[in-house]
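# Commentary on secondary and tertiary structure
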Amino acid sequence: MKIDNVTLYHLRMPLRTPFETSFGRALERDCLLLEVSGDGLTGYGECVADRDPGYSYETADTAWHVLQDFMIPALASQEISGAEDFQRRVSHVRGHPMAKAGLEMALWDLEGKRQGRSLCQLLGGLKDRVEVGVSVGIQDSPEALLGVVGGYLEQGYQRVKIKIKPGRDVVETQAVRRAFPGLRLQVDANSAYTLEMAAALRPLEDLSLLLIEQPLAEDDLWDHHLLQAEFVTPICLDESILSPRHARQALEMQACRVINIKAGRVGGLSQALAIHDLCRTQGVPVWCGGMLETGVGRAANLALASLPGFTLPGDISASERYYAEDITHQRFTLNADSTITVPDAPGLGVTVDAKAVEKVTLKKVTLDVKREA
Ligand code: NPQ
Ligand code: MG
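Report on the accompanying structure.

Cut-offs used in this document
- Residues numbered from 1 in each chain as written.
- Chains lettered and ligands numbered in written order.
- Predicted model: local features only at pLDDT ≥ 70, side-chain atom pairs only at ≥ 80, totals over all residues.
- Heavy atoms only, no water.
- Donors = N, O, S within 2.8 Å, 3.2 Å for Na, K, Ca; no water.
- Helix = DSSP H or I, 4+ residues; strand = E, 2+ residues; numbered from the N terminus.
- Buried < 20%, exposed > 50% of the residue type's maximum accessible area, 1.4 Å probe, protein only.
- 1 Å grid on protein atoms, 1.4 Å probe; cavity = no way out; pocket = protein on both sides within 12 Å on 5 of 7 lines; lining within 4 Å.
- Points joined across faces, edges and corners; volume = space filled by probe spheres on them.
- Nonpolar A, V, L, I, M, F, W, Y, C, P; charged D, E, K, R; others polar.
- Phe/Tyr/Trp six-rings, centres within 6.5 Å; stacked < 30°, edge-to-face > 60°.
- Lys NZ or Arg CZ within 6 Å of the ring centre and 35° of its normal.
- Axes fitted to C-alpha atoms, helices over the stretch in contact; angles between N-to-C directions.
- Left-handed = near helix turned anticlockwise from the far one by under 90°.
- Contact = heavy atoms within 4.5 Å.
- Near = heavy atom within 4 Å.
- Polar contact = N/O pair within 3.5 Å; in protein donor to acceptor, adjacent residues only side chain to side chain.
- Areas by Shrake-Rupley, 256 points an atom, 1.4 Å probe, with all protein chains shown as cover.
- Sits in = over half its atoms within 2 Å of the grid points.
- Pairing = 2+ DSSP bridges.
- Disulfide = S-S within 2.5 Å.

What follows deals with the coordination of the magnesium ion (ligand 2). On the protein side, the magnesium ion (ligand 2) has D188 (OD), E213 (OE) and D238 (OD) as donor atoms, found 2.1 to 2.3 Å from it. Between consecutive donor residues of the magnesium ion (ligand 2), the sequence gaps follow D-x24-E-x24-D. Here D188, found in strand β7 (residues 184–188), pairs with D238, found in the loop between β9 (235–237) and α8 (244–252); they are 50 residues apart in sequence, far enough to count as distant. Summarising the burial analysis for this pair, D188 and D238 share the class buried.

Written out as structure tokens, the structure is:
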């Protein structure tokens with residue numbers, strides 16, 4: 001591929017309902033849309049950095065800066081032969097995995113369109129539909145939580161994840177378990193506990209949870225090891241796993257028994273694939289995390305989750321879970337068996353609705369990628 005230009009869009013999407021996690025309450029979701037033109041084709045990518053550095057240190061503005069001033073200029077001249085080549089070219093940029101991943105996604109979309117193959121095919125995915133679940137934010141009361149969970153069960157979701165934080169954990173999770181005895185249930189703390197505080201989570205051991213996600217700090221692999229040694233319920237790492245190397249070390253250290261894979265968090269689909277492959281050879285289950293993606297990132301998640309090692313349901317809900325209006329013409333809906341169908345058209349398999357994009361665009365810039373003579 002030879003890239004001619006890249007357009008960056010900073011989007012702000014209104015959420016259908018507020019989404020509360022241990023790091024705050026969101027009414028809107030920011031992200032960057034990347035539009036990459038080359039070889040007479042256009043590829044799209046989504047950078048999942050948000051307005052605030054709550055989930056990670058990256059923000060939409062830091063990603064914008066790093067893409068505009070460092071990564072996009074590194075695409076200048078020459079052919080880019082694929083994701084591996086792309087990673088080499090941006091290897092001088094330390095950190096900023098979400099910025100990297102957004103640009104890499106657009107290159108995958110472009111490559112798929114060039115070859116006439118879907119992202120699922122390019123990655124080696126095997127499934128045409130993938131099992132999904134819904135992520136439920138912290139609610140005002142356990143009663144409200146039961147109402148929201150019940151509503152999603154009526155819609156057909158067969159796996160539920162509830163967000164927890166100190167003081168809003170055991171009682172809430174027990175209430176959900178009591179109301180829905182057979183439900184596939186898991187919790188996510190988004191790093192809100194210390195090892196000492198996590199002792200309070202002991203009663204969760206009796207609730208047959210699929211897993212406890214990221215109870216401790218992002219940079220605290222060792223305490224996750226200590227906690228996992230005390231808990232029968234599998235600990236799943238999300239924020240802590242920023243690369244295939246982290247994944248290997250976390251497994252060697254027995255810091256977790258399950259890994260949540262998000263292409264954005266690990267620097268791109270190529271890195272997500274590497275973590276999948278590593279976990280698969282070790283028999284460690286993985287599942288596809290969610291970042292409240294638009295239709296663009298949602299399509300990429302579905303392709304990723306179609307790989308054989310993704311044996312647990314992903315945080316990939318229907319488009320309408322988060323957004324009344326999406327930026328793709330395609331809207332993803334839940335099948336009756338709690339699955340979503342993987343797109344099979346070339347690349348990401350979605351088309352971008354320019355009018356819908358315009359409505360939610362805060363700013364936009366087109367950057368020409370210089371060619372060597
Ligand atoms: C997680 N996602 O697994 C993330 C957290 C996350 C679906 O639970 C705005 C507000 C953006 C909250 C991006 C899910 C967010 C957000 C990601 C939460 O940890
Ligand atoms: Mg998480």
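What follows continues from the structure just given.
Counted under the stated rule, the structure contains three cavities of 30 Å³ or more. By volume, the largest cavity amounts to about 110 Å³. Forming the boundary of the largest cavity are 14 residues, of which V48, A263, G264, E293 and N301 lie nearest the centre. Secondary structure elements with two or more residues in the lining of the largest cavity: α3 (97–115), α9 (263–266) and α11 (295–305). Looking at the lining of the largest cavity, the element that brings in the most residues is α11, giving three residues. Here the lining of the largest cavity is built from residues that sort into seven nonpolar, four polar and three charged. Quantified by volume, the second largest cavity comes out at close to 60 Å³. Residues belonging to the lining of the second largest cavity are distributed by class as follows: five nonpolar, two polar and three charged.

This part takes up the layout of surface pockets. Where empty space is left can be seen by rolling a probe of water-molecule size over the atoms. Of the pockets and cavities examined, the largest pocket occupies roughly 530 Å³. Lining the largest pocket are 34 residues, with F19, F23, D50, Y55 and L292 sitting closest to its centre. Where the lining of the largest pocket is concerned, the elements lending two or more residues are β1 (3–21), β2 (24–38) and β6 (159–163). For the lining of the largest pocket, the leading source of residues is β2, giving seven residues. For the lining of the largest pocket, the per-class residue count stands at 11 nonpolar, seven polar and 16 charged. Lining of the second largest pocket is provided by 21 residues; of these, G95, P97, L242, S243 and V266 occupy positions nearest its centre. Of all the secondary structure elements, the ones that give two or more residues to the lining of the second largest pocket are α3, α8 and α9. Its residues assigned to classes, the lining of the second largest pocket shows seven nonpolar, eight polar and six charged.

This part is about the packing of aromatic side chains. Applying the stated criterion to the full structure yields three aromatic pairs. The interplanar angle of 50 degrees and the centroid separation of 6.1 Å between the aromatic rings of Y322 and Y323 together place this pair among those described as tilted. Summarising the burial analysis for this pair, Y322 and Y323 share the class buried. Joined through ring pairs, the aromatic side chains of F19, Y322 and Y323 make up one cluster. The ring of W287 carries the charged tip of R159 above its face, separated from the ring centre by 5.6 Å. For R202, the ring lying beneath its charged end belongs to F231, and the centroid distance is 4.7 Å.

Okay, the packing of helix α1 (residues 60–71) against α3 next. Where α1 meets α3, the axes come as close as 9 Å, and the angle between the chain directions of the two elements is 65 degrees. Every pair of crossing elements has a handedness; the one defined by α1 and α3 is right-handed. Touching A63, L67 and M71 of α1 are A99, K100 and L103, all from α3. Broken down by class, the residue content of the contact of α1 with α3 amounts to five nonpolar, no polar and one charged.

Moving on: the site of ligand 1. Taken together, 19 residues are adjacent to ligand 1, and S135, K161, K163, N190 and G290 come closest. K262 places a polar side-chain atom, nitrogen or oxygen, 3.1 Å from an oxygen atom of ligand 1. Within the contact set of ligand 1, a nitrogen atom lies 2.9 Å away from a backbone nitrogen or oxygen of G290. Burial of ligand 1 by the surrounding chains reaches 98%, relative to a free accessible area of 440 Å². Of the pockets mapped on this structure, ligand 1 occupies the largest pocket.

This part covers the side chain of T294. Tracing the chain through its elements places T294 in the loop between β11 (286–288) and α11. In contact with T294, other than residues within four places in its own chain, are M13, C31, E46, Y323, D326 and I327.

Here four strands make up an open sheet; going across it, the order is β3-β2-β1-β13 and the pairing antiparallel. Two strands lie at the open edges of the sheet, namely β3 (41–47) and β13 (361–368), each paired on one side alone. The mean angle between the axes of side-by-side strands here comes to 20 degrees, regardless of whether they run parallel or antiparallel. Where α1 meets the sheet, it contacts β1, β2, β3 and β13, and its direction lies at approximately 170 degrees from that of β1.

Following the criterion strictly, the structure yields zero disulfides and no others. The thiol of C47 is not disulfide-bonded; the next cysteine sulfur, from C31, is found 7.9 Å away. C47 gets classed as buried once you look at its relative accessible area, which sits at 0%.

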